[in-house]
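Commentary on secondary and tertiary structure
For reference, the chains in residue letters:
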Amino acid sequence: MINLELAIKEAFIEIFKQKFTADFNTDMVVVQQTRKEIEGDYTINVFPLVKAAAKAPEALAHEIGTGLVQILDFVSNYNVIKGFLNLTIADTYWLELAKTMTQDPNFGIKESDPNKSPILIEYSSPNTNKPLHLGHVRNNLLGYSIAEILKADGNNVVKVNLVNDRGIHICKSMLAWEKFSQGATPQSTNLKGDHLVGKYYVEFDRLYKSQIAELVAQGVEEEEAAKQAPAILEAQEMLRQWEAGNEQVVGLWKKMNSWVYEGFDATYQKMGVDFDKIYYESETYLLGKSTVQEALKNQVLFVKEDGSVWADLTDEGLDQKLLLRADGTSVYMTQDIGTAKLRMDDYQPSSMLYVVGNEQNYHFDVLKIVLQKMGYTWAKDIYHISYGMVELPHGKMKSREGTVVDADDLMDEVIASAEEITRQSGKMEGLSVEEAQQLFYKIGMGALKFFLLKVDPKKKMLFNPAESIDFNGNTGPFVQYTHARIQSVLRKSTDHTFEPWQSELIINDKERNLIKMIGNFPEVVHQAALGFSPALMASYVYDLAKEYNQFYHDNPILKEENKALASFRLDLSRSTAAIIRNALKMLGIQAPNQM
RNA sequence: GGUCCGGUAGCUCAGUCGGAUAGAGCAGCAGCCUUCUAAGCUGCGGGCCGUGGGUUCGAAUCCCGCCCGGAUCACCA
């Protein structure tokens, strides 16, 4: 198939040059799809060219429109409204396009070249001191979806997770467990491992707060009290012991982390996300430290009186940044430096993407600059995919106020809602118990995922639980339903094996719109990949489903008596279903065949 | 205070490398199932695109100021 927009643009430029002047900027010629309510398929705005042509907009548009109809056989007609030249494309072209699309079940999906160096994407990045919550859910879904979109656009993608399994926060959980748990385990308490460990993190906080309050009551300044409280001192000591390799501390650390991983695995599986490689900060922070030491030798960094190591970024308009504490322990930045280096060595990626919340924008600015100062040229290929916080109707999530939405609970709730609504609708005919469970899962998760992914990542979003399980309108289940509906038609179409393409077909507006819309899919995939934007894909697939539903409403398919037409509509339906399935897949959403 | 991000219908969001009368969904109201799945379709009402300037034939979109909200500027991650 030829590229219509390009062909039109070239022809336009050709005609313009002949008739007027060769001296104009070809960027001024922009071919776009015509607005729905106006007759035509492609539109060129001639306003930018009136000066170069020294001609009134309408006259100019008419002149070039006439020329385009003559030169391009697929342009059947044109009209002019003000300075807008609207071109009508011949139906023979649309039918040719329809034929191409419907014969390719993977239309719009590019194969990746295995020799191309990969794009590495990090997402999830949990801490091992507490279970995943709603914010992580947005992160995981975004990361997974962006990875799938990049793959569909022909890239090799390596999905990685970075588990923050070390640091002061883990020591807090460990300390509280030692003090209060009396040896509790996931088995003994029947709690998911991540939830059990999270419980002790909260316990620590309680203890710590009470100690601070006590000190303040004794007349100590609050800030000072926070530094002196025995709990935090013990936790810091524990971190030093851990870094020193103290067997008992390391043993406890291993035990508690293993509980957490078991819990995380279950959550990831339910969420439907996965990773090609999992990095652990406990395995990368030493490389970070040595990298920092090396840079120190090369005079890139400096040491303060207390022995702590810093980067001076004041030239870049940023502050000084700590890289190693006075006691030699590493911080977040140190670990990220080591991790980045390790990944470069492991995969030689063409770029490294980090899906991390916008509260860390500064961190990533610093990371890039520090790596650049250290002389790593690949630092420029680091991209922070920054996304906004998820807020609840009554404000932000706050663990202290118990308003954190737990990921496991959330998923269970949407699935339960899906079950309730599906049972009411009575559309489970013929499904086994197992299949029905699968269906509730697909629909519930479809609702949740679509709800979270349809919003532009960089914006903060409001999570309204009631709307997240809505099944009408701009929702996952609406799109899934459209797919299921098509599947139902396809199942009943066994006697329609007619080849439509030799016949002379006359198509109507709804059919033409649908063809155009499907035809846009490859470009949408590409744009979504360039913009790291699942939201764009969600928006497209919703529009496509809506377009199909209109077509479906107005046009008989199986009941159409003209065999060629019936077969054509069936092919169009099949193609729509395939696009919906592939688009949803890029959002991590499954498309049931019945619902 | 510095830096960054956002402000579009009652609510949640599209639209933002300048283009035609600013679009969806939800909520509200009114219709459409003896016919391929009504989780659908059709219609109605609803907008100083935060605000004031500027650039332009043309601004929700670009530039400047201001107002409001958020993030960040940690020896937390």
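Everything that follows concerns the structure shown earlier in this document.
The sections below set out a description of the structure shown in this document. Just so it is clear, the model here is predicted, and its values are computed rather than measured. (Residues numbered from 1 in each chain as written. Chains lettered and ligands numbered in written order. Predicted model: local features only at pLDDT ≥ 70, side-chain atom pairs only at ≥ 80, totals over all residues. Heavy atoms only, no water.)

As a further point, take the overall build of chain A. Helix and strand counts for chain A stand at 22 helices and 14 strands. Structurally, chain A occupies a C-alpha span of about 90 × 65 × 45 Å along its principal axes. Contacts spanning at least 24 positions in sequence make up 74% of the contacts within chain A whose residues lie at least 6 apart. Counting every atom, chain A has about 27800 Å² of accessible surface; 49% of that belongs to carbon and sulfur. With 62 positive and 80 negative side-chain charges, chain A shows a separation of 1 Å between the mean positions of the two kinds. (Helix = DSSP H or I, 4+ residues; strand = E, 2+ residues; numbered from the N terminus. Contact = heavy atoms within 4.5 Å. Areas by Shrake-Rupley, 256 points an atom, 1.4 Å probe, with all protein chains shown as cover. Lys, Arg positive; Asp, Glu negative; His and termini not counted. Charge placed at Lys NZ, Arg CZ, Asp CG, Glu CD.)

Taken as a whole, the second largest pocket holds about 1300 Å³ of empty space. Taken together, 39 residues line the second largest pocket, and the ones lying closest to its centre are Gln 33, Tyr 42, Lys 516, Gly 519 and Asn 520. Only α1 (4–19), α4 (91–102), α19 (509–519), α20 (521–530) and α21 (534–554) provide two or more residues apiece to the lining of the second largest pocket. Along the lines of polarity and charge, the residues of the lining of the second largest pocket split into 15 nonpolar, 11 polar and 13 charged. (1 Å grid on protein atoms, 1.4 Å probe; cavity = no way out; pocket = protein on both sides within 12 Å on 5 of 7 lines; lining within 4 Å. Points joined across faces, edges and corners; volume = space filled by probe spheres on them. Nonpolar A, V, L, I, M, F, W, Y, C, P; charged D, E, K, R; others polar.)

With that settled, the discussion passes to the protein's contact with RNA strand B. Surveying the vicinity of RNA strand B reveals 63 residues, the closest of which are Asn 164, Asp 319, Lys 396, Lys 427 and Lys 559. A share of 64% of the atoms of RNA strand B within 4 Å of the protein falls on sugar and phosphate groups. Asn 549 is positioned such that a nitrogen or oxygen atom in its side chain is 3.4 Å from a sugar or linking oxygen of RNA strand B. Every element with two or more residues in the surface near RNA strand B is listed here: β2 (42–45), β4 (84–89), α6 (168–180), β14 (461–462), α18 (476–491) and α21. Partitioning the surface near RNA strand B into residue classes produces 26 nonpolar, 20 polar and 17 charged. (Near = heavy atom within 4 Å. Polar contact = N/O pair within 3.5 Å; in protein donor to acceptor, adjacent residues only side chain to side chain.)

For the rest of this paragraph, the subject is the side chain of Asp 41. You can see Asp 41 is positioned in the loop between β1 (31–33) and β2. The buried category is assigned to Asp 41, whose relative accessible area is 5%. Of note is the side chain of Asp 41, whose polar atom sits 2.6 Å from the side chain of Lys 516. Those residues in contact with Asp 41 that lie beyond four places of it in its chain are Gln 32, Gln 33, Thr 34, Leu 87, Thr 88, Ile 89, Trp 94, Arg 512 and Lys 516. (Buried < 20%, exposed > 50% of the residue type's maximum accessible area, 1.4 Å probe, protein only.)

A separate point is the sheet that holds β4. In a beta sheet, neighbouring strands are held together by backbone hydrogen bonds and run either parallel or antiparallel to one another. If you walk across this open sheet you meet the four strands as β1-β2-β4-β3, and the pairing is antiparallel. The open sheet has two edge strands with one neighbour each: β1 and β3 (75–81). On average, adjacent strands in this sheet sit at an angle of 30° to one another, irrespective of strand direction. Where β2 lies against β4, four bridges are found, and the strand directions are antiparallel. Paired with Thr 43 across the bridge in β4 is Asn 86. The strands touched by α1 within the sheet are β1, β2 and β4, with β2 carrying the most contacts at an inclination of about 35°. Seen against the sheet, helix α3 (residues 57–71) touches β3 and β4 and runs at an angle of roughly 175° to β3. (Pairing = 2+ DSSP bridges. Axes fitted to C-alpha atoms, helices over the stretch in contact; angles between N-to-C directions.)

Over its 16 residues, α18 runs 23 Å from end to end, which matches the ideal 22 Å to within 8%, given 1.5 Å per residue. In terms of burial, α18 is a largely internal element, 12 of the 16 residues being buried. Listed as buried for α18 are Gly 476, Pro 477, Phe 478, Val 479, Gln 480, Thr 482, His 483, Ala 484, Ile 486, Gln 487, Val 489 and Leu 490. Each element contacted by the buried residues of α18 is listed here: α16 (433–453), α21 and α22 (563–586). The N-cap of α18, judged by a side-chain oxygen 3.2 Å from the amide nitrogen of Phe 478 a few residues on, is Thr 475. (Expected span 1.5 Å × (residues − 1).)

Attention now moves to the pairing of strand β6 (residues 157–163). Within a regular strand, side chains alternate between the sheet's two faces. For β6, the buried fraction is high: seven of the seven residues fall into the buried class. By the alternation rule, side chains of β6 split into Val 157, Lys 159, Asn 161 and Val 163 and Val 158, Val 160 and Leu 162, which are all buried. In this structure, strand β5 (residues 119–122) lies alongside β6, joined through four bridges in parallel fashion. Residue Ile 121 lies in a different strand from β6, and its bridge partner there is Lys 159.

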